[in-house]
Amino acid sequence: MEIKNTEIQSEPVSRINDISGTNLSKCYQCGKCSAGCPMVQSMDILPNQIVRLAQLGKWEEVMRANTPWICAACMTCSVRCPRGIKIAEAIEAMRQVFLRNRNSDRRLGLSQEELVELPPIALISAYRKIAE
Ligand code: SF4
Ligand code: SF4
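What comes next is a walk through the structure. (Residues numbered from 1 in each chain as written. Chains lettered and ligands numbered in written order. Predicted model: local features only at pLDDT ≥ 70, side-chain atom pairs only at ≥ 80, totals over all residues. Heavy atoms only, no water.)

### Some details on the packing of aromatic side chains
Across all of its chains, the model carries two aromatic pairs by this definition. Measuring from ring centre to ring centre gives 5.5 Å for Trp59 and Phe98, while their planes differ by 50 degrees; the resulting arrangement is tilted. Here Trp59, found in helix H4 (residues 59-64), pairs with Phe98, found in helix H7 (residues 87-100); they are 39 residues apart in sequence, far enough to count as distant. Residue classification places Phe98 among the buried residues on the basis of a relative accessible area of 2%. Look at Trp69 and Phe98: their rings are 5.8 Å apart centre to centre, the planes differ by 35 degrees, and that puts the pair in the tilted class. Within this pair, whereas Trp69 is found in helix H5 (residues 67-70), its partner Phe98 is found in helix H7, the two being separated by 29 residues in sequence. By the ring-pair criterion, three or more aromatic residues cluster together here, those being Trp59, Trp69 and Phe98. Above the face of the Tyr28 ring, Arg83 is positioned so that its terminal group lies 5.4 Å from the ring centre. (Phe/Tyr/Trp six-rings, centres within 6.5 Å; stacked < 30°, edge-to-face > 60°. Helix = DSSP H or I, 4+ residues; strand = E, 2+ residues; numbered from the N terminus. Buried < 20%, exposed > 50% of the residue type's maximum accessible area, 1.4 Å probe, protein only. Lys NZ or Arg CZ within 6 Å of the ring centre and 35° of its normal.)

Listed below in structure tokens is the structure:
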């Protein structure tokens, strides 16, 4: 993934930091978060790469990634991070920003049968965010 320094913007990462109570700028790209993530095979951008994109203000690329929607909020990344970065919380903050801006066009693409098997907390959490 090529990232050009000329495209650096700081605003999105400060919003994510504020909401999540963490500091993504401390990330030094060791990759331990992604190495322990159980969902990486379904993600198009790895958790450490999402952190890097957010650091650089590459908000459009963060929004296009399926990573925030695939994340299961298992917290493994936050526990493994040697820099104490709350990555799971930051990814949750990304979801909140997308939904609050009404700029997510993500669709679950689930059948009715699959939908009813979702854990209730998933629907309650989604409804809370959408209703805000
Ligand atoms: S584990 Fe922490 S420091 Fe390492 S890449 Fe992930 S967020 Fe960055
Ligand atoms: S919280 Fe999300 S990104 Fe972090 S390890 Fe779990 S599934 Fe992966």
